[in-house]
Structures are given as structure tokens and as C-alpha cells.
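Here are the chains, one letter per residue:
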Amino acid sequence: MSVNNLGDLVEIHNVIVGDFVGQATLFRSARASTSNRTFASARRHPAGKNEEAVRCITVDSLLAGLDFRQHVFIIKIDVEGNELRVLRGMEGLLRQSKGFVLLYEYYPSGIVGVGLKPAEMRSFIADLNPDWACMEVGGRLVCVGVPGDLVEAMAAIDTQRNPRCDSCGNFIVGRGVSSDFLEAGPTRVNVCGAGGET
């Protein structure tokens with residue numbers, strides 16, 4: 001952080017972020033640190049090299065004592081299907097904050113792989129009552145209606161099949177913050193069954 005002069009702005013915590021405070025098992029990948037997991041898969045991670053106990057926290061516990069109502073937050077989550085657990089652990093922040101912009105990956109097979117249901121993730125996002133939502137389509141951001149089109153776009157990903165990779169989608173939702181800051185100038189579209197434009 002000091003190389004980029006961010007030392008005064010960034011705190012680093014060597015923890016797992018989830019929906020509880022305690023100890024969790026980290027399954028380390030032999031392939032890449034981006035493939036580490038906090039769950040045992042059916043494949044039992046043949047590329048795994050070891051397991052270790054790591055402290056697990058919630059975002060709400062990390063920020064305990066901060067008056068969320070006075071702050072706007074920018075949050076990015078991409079944790080290979082465990083997004084819902086991270087979101088549940090920051091529910092206080094999301095519900096009480098002055099505003100937020102949430103960037104997340106919706107990865108149905110990853111969600112199932114960690115023992116959750118994609119419908120739970122869709123419901124949680126809709127219950128946040130976002131003011132606006134965008135999704136990535138063909139490398140650009142497009143706005144979708146909330147909550148209906150957003151939930152429909154996420155549900156459409158559940159049924160997509162791509163032989164080269166698992167289907168997933170990137171989304172940005174916000175509440176209490178204007179979407180005007182999005183430099184790409186997203187256009188509003190109606191989302192059809194496969195997440196495309198009409």
C-alpha cells in the first residue's frame with residue numbers, strides 16, 4: 001500500500017469475511033490464490049495443498065461503532081459463490097447506511113457449490129430495495145429496472161449453459177447514490193429471458 005501512497009487510507013485484515021464471527025477453514029489451492037475456498041467441494045479440490053483455520057468476521061463486526069447512517073459505501077464482492085454470506089454479514093451496513101454502491105458477481109453454480117440457493121441471493125438483493133441497477137452485457141453496462149428486471153436478469157443466468165465456463169453475471173446496484181457517476185453512460189434496456197436487449 002505504501003508504494004501507491006495508500007497507507008493512510010487502507011487497512012489490511014488477514015481474515016475471511018462471511019456471515020459469522022469465529023473460526024473458518026480455508027482450503028488453499030495449489031493452482032492460484034484466487035482459487036482458495038472456505039468450503040469443501042464435491043471434487044474435494046484435487047488441486048488443494050492444505051487447509052488452515054482462519055478467523056472469520058462480518059463487515060458489520062469490523063465496522064462496529066461506526067454510525068452507518070452518516071456514510072456512503074462502495075462495496076465490491078467476488079467470492080466465488082459466497083457473496084450471499086458476505087452480504088448477510090453486512091446487512092446492518094446495507095440497511096442503515098446513507099447510501100451504497102454494490103458491485104457483485106452472480107454465480108449460480110458457485111452459490112449452489114457453497115450450499116446456498118441462487119433464489120436466496122436474488123431475494124436478498126431485491127429486498128435491499130435498490131434505486132437503480134446495471135448489469136454487464138457484451139462488455140458494457142446497461143441499466144435494468146428494479147427490482148423486477150434485475151431479478152429476472154439474475155434468474156436468466158441460472159439457466160444459461162456455456163461449455164467453456166460456468167455462467168455468471170456482473171451487476172452494480174445502488175441506493176441513496178445517483179448512478180450518474182458511471183462514466184460508461186449506461187443505457188436503459190428491457191431485459192429479455194436470456195439477459196439480452198429488446
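Here goes a summary of the coordinates provided.

Cut-off values and rules
Residues numbered from 1 in each chain as written. Predicted model: local features only at pLDDT ≥ 70, side-chain atom pairs only at ≥ 80, totals over all residues. Heavy atoms only, no water. Helix = DSSP H or I, 4+ residues; strand = E, 2+ residues; numbered from the N terminus. Buried < 20%, exposed > 50% of the residue type's maximum accessible area, 1.4 Å probe, protein only. Contact = heavy atoms within 4.5 Å. Areas by Shrake-Rupley, 256 points an atom, 1.4 Å probe, with all protein chains shown as cover. Core = buried A, V, L, I, M, F, W, Y, C linked by side-chain atoms within 4.5 Å. Patch = residues over 30% accessible without salt bridge, like charges linked within 9 Å, V, L, I, M, F, W, Y side chains within 5 Å. Salt bridge = Lys/Arg side-chain N within 4 Å of Asp/Glu carboxyl O. Pairing = 2+ DSSP bridges. Axes fitted to C-alpha atoms, helices over the stretch in contact; angles between N-to-C directions. Parallel < 35°, antiparallel > 145°, perpendicular 65-115°, else oblique. Left-handed = near helix turned anticlockwise from the far one by under 90°. Nonpolar A, V, L, I, M, F, W, Y, C, P; charged D, E, K, R; others polar.

## Regarding the overall build of the chain
Here comes step 1: The number of helices and strands found in the chain is six helices and nine strands.
Here comes step 2: In the chain, which comprises 198 residues, the share counted as buried stands at 40%.
Here comes step 3: Contacts in the chain between residues far apart in sequence, at least 24 positions, make up 71% of those at least 6 positions apart.
Here comes step 4: Of the accessible surface of the chain, which amounts to about 11,200 Å², a share of 50% is contributed by carbon and sulfur atoms.

## Things to note about the nonpolar core
Here comes step 1: Of all hydrophobic cores here, the largest spans 33 residues; its most connected members are Leu102, Tyr104 and Ile125.
Here comes step 2: Among the nonpolar cores identified, the runner-up in size contains seven residues, and Val101, Cys134, Ile172 and Val177 belong to it.

## Overview of a nonpolar patch on the surface
Here comes step 1: Together, Leu9, Val10 and Ile12 give the surface a local cluster of nonpolar side chains, amounting to about 330 Å² of exposed area.
Here comes step 2: Position of leucine 9 among the secondary structure elements: in the segment before strand S1 (16-17).

## Structural notes on the pairing of strand S5 (residues 99-106)
Here comes step 1: Summarising burial for S5: seven of the eight residues are buried, a large majority.
Here comes step 2: Sheet analysis places strand S4 (residues 72-77) next to S5, joined by six bridges and oriented parallel. Paired with phenylalanine 73 across the strands is phenylalanine 100, a residue of S5.
Here comes step 3: Note: S5 against strand S8 (residues 169-175), seven bridges, orientation antiparallel. Looking at the pairing, valine 101 lines up with glycine 174 of S8.

## Looking at the packing of helix H5 (residues 118-127) against helix H6 (residues 148-159)
Here comes step 1: Where H5 contacts H6, the axes come no closer than 10 Å and their chain directions differ by 165°. Judged by the inter-axis angle, H5 sits roughly antiparallel to H6. For H5 against H6, the interelement crossing comes out right-handed. Contacts between H5 and H6 involve Pro118, Met121, Arg122, Ile125 and Ala126 from the former and Leu150, Val151, Met154, Ala155 and Asp158 from the latter.
Here comes step 2: Looking at side-chain class alone, the contact of H5 with H6 contains eight nonpolar, no polar and two charged residues.

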